[in-house]
Amino acid sequence: QVQLVESGGGLVQAGGSLRLSCAASGRTFNSYSMGWFRQAPGKEREFVAAVSWSGGSTYYADSVKGRFTISRDNAKNTLYLQMNSLKPEDTAVYYCAASKSVVVVPTRRGPYEYWGQGTQVTVSS
């Protein structure tokens, strides 16, 4: 099992930046594909970005491509999401998630077995 704790959310003006972190417990962090998802009020939780176990492959939703960067530091058991050029429509609770599927990095909710509690990101116009 792995436990996940997000941090780094907050209130930022449109055009600003935030960096989210997700600290993972356990010694098997590099056995998981990792992803970021977000959920806005009244909407379904949606995929944002994912990274392979090694960090060598990354995947993004079209809505964040070119603005967000996902990365991981396996030595520190930490996942990151650098968010630049933020827009009001990026406002949501952001969740990190871990999946045992490492041959194929998942880009949808189903294959992710472990989830953090979420961190709020609010972008003002």
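Scroll up to find the structure this text is about.
Worth saying up front: this structure is predicted, and the values here are computed from it rather than measured.

Draft legend 1. Layout of the overall build of the chain. A tally of regular secondary structure across the chain gives zero helices and 11 strands. Along the chain, helices and strands appear, N-terminal first, in the series β-β-β-β-β-β-β-β-β-β-β. On the principal axes, the C-alpha backbone points of the chain span a range of 40 × 25 × 25 Å. For the chain, the residues scored as buried account for 45% of the 125 residues in total. Considering only intrachain contacts with a sequence separation of at least 6, the fraction spanning at least 24 residues in the chain is 59%. Taken as a whole, the chain presents about 6,300 Å² of accessible surface, with 47% of it coming from carbon and sulfur.

Draft legend 2. Here's a closer look at the side chain of glutamate 6. Within the fold, glutamate 6 resides in strand 1 (residues 4-7). Buried charge without a partner: glutamate 6 forms no salt bridge, and the closest opposite charge is arginine 45, 7.4 Å away. There is a polar contact of 2.9 Å between the side chain of glutamate 6 and the backbone nitrogen of cysteine 96. Only 2.9 Å separates the side chain of glutamate 6 from the backbone nitrogen of glycine 118, close enough to count as a polar contact. Excluding anything up to four places from it in sequence, glutamate 6 contacts Ser21, Cys22, Trp36, Tyr94, Tyr95, Cys96, Gly116, Gln117, Gly118 and Thr119.

Draft legend 3. Here's a closer look at the nonpolar core. Counting residues in each nonpolar core, the largest one holds 36 residues, and the members touching the most others are Leu4, Trp36, Leu79, Leu81, Met83 and Tyr94. Of all elements in the fold, only strand 3 (18-24), strand 4 (33-39), strand 5 (46-51), strand 7 (68-73), strand 8 (78-83), strand 9 (92-99) and strand 11 (119-124) reach the threshold of two or more residues within this core. In contact with leucine 4, not counting residues within four places along its chain, are Cys22, Ala23, Ala24, Met34, Cys96, Ala97, Ala98, Tyr114, Trp115, Gly116 and Gln117.

Draft legend 4. Up close: the sheet that holds strand 1. Across the sheet, which stays open at both edges, the four strands sit in the order 1-3-8-7 with antiparallel pairing between neighbours. Whereas interior strands pair on both sides, the edge strands pair on one side only; in this sheet they are strand 1 and strand 7. Taken pair by pair, the neighbouring strands of this sheet meet at an average axis angle of 15°, ignoring direction. Two elements, strand 3 and strand 8, share six bridges in a ladder whose sense is antiparallel. Note on strand 8: the bridge partner recorded for alanine 23 is threonine 78.

Draft legend 5. Main features of the packing of aromatic side chains. Considering all chains together, one arrives at five aromatic pairs under this definition. Between tyrosine 32 and tyrosine 114, the aromatic rings sit 5.9 Å apart at their centres with planes inclined by 85°, giving edge-to-face as the arrangement. Here tyrosine 32 is found in the loop between strand 3 and strand 4, whereas its partner tyrosine 114 is found in strand 10 (residues 114-115), with 82 residues between them in sequence. Like tyrosine 32, the residue tyrosine 114 is buried in the burial classification. The aromatic ring of tyrosine 80 is capped on one face by arginine 19, whose charged end is 4.0 Å from the ring centroid. We note arginine 45 situated over the ring of tyrosine 95; from NZ or CZ to the ring centre the distance is 3.7 Å.

Draft legend 6. Seen up close, the pattern of salt bridges. Summed over all chains, the structure comprises four salt bridges. As a salt-bridge pair, aspartate 90 and arginine 38 come within 2.9 Å of each other at their nearest N and O atoms. Of the two residues, aspartate 90 is situated in the loop between strand 8 and strand 9 and arginine 38 in strand 4; the sequence distance between them amounts to 52 residues. Each member of the pair, aspartate 90 as well as arginine 38, is classed as buried.

Thresholds, definitions, all that
Here the residue index of a chain counts from 1 through its sequence in written order. At least 70 in pLDDT is required for a residue's local features to be given in this predicted model, at least 80 for side-chain atom pairs to be given and counted, and no such filter applies to totals for whole chains, interfaces and linings, which use all residues. Excluded from the side-chain calculation are hydrogens and water; included are all heavy atoms of the structure. Helix and strand definitions follow DSSP, with helices as H or I runs of at least four residues and strands as E runs of at least two, each counted in order from the N terminus. Here the term buried applies to any residue with accessible area under 20% of the maximum for its type, exposed to any over 50%, and partly exposed to those in between, with areas from a 1.4 Å probe on protein chains only. In what follows, residue pairs with any heavy atoms lying within 4.5 Å of each other are defined as contacts. Calculation of accessible area relied on Shrake-Rupley with a 1.4 Å probe; when residues are assessed, cover is drawn exclusively from the protein chains displayed. In this tally Asp and Glu are treated as negative and Lys and Arg as positive; neither His nor the chain ends contributes. Note on definitions: salt bridges are taken to be side-chain nitrogens of Lys or Arg within 4 Å of carboxyl oxygens of Asp or Glu. N or O atoms within 3.5 Å of each other form a polar contact, as long as, within protein, one can give a hydrogen and the other can take it, and as long as residues adjacent in sequence are counted only when both atoms are side-chain atoms. The set of buried Ala, Val, Leu, Ile, Met, Phe, Trp, Tyr and Cys residues whose side-chain atoms join them within 4.5 Å is what this entry labels a nonpolar core. Between any two strands, pairing holds if DSSP finds at least two bridges. A fitted line through C-alpha atoms serves as each axis, taken over the contacting stretch for helices, and the angle formed by two N-to-C directions is quoted from 0 to 180°. Stacked, tilted and edge-to-face are the three classes assigned to paired rings of Phe, Tyr and Trp, where Trp is represented by its six-membered ring and a pair needs centres within 6.5 Å; plane angles under 30 degrees give stacked, over 60 edge-to-face, the rest tilted. Throughout this description, the term charge over a ring refers to an Arg CZ or Lys NZ atom that lies within 6 Å of the ring centre and within 35 degrees of the ring normal.

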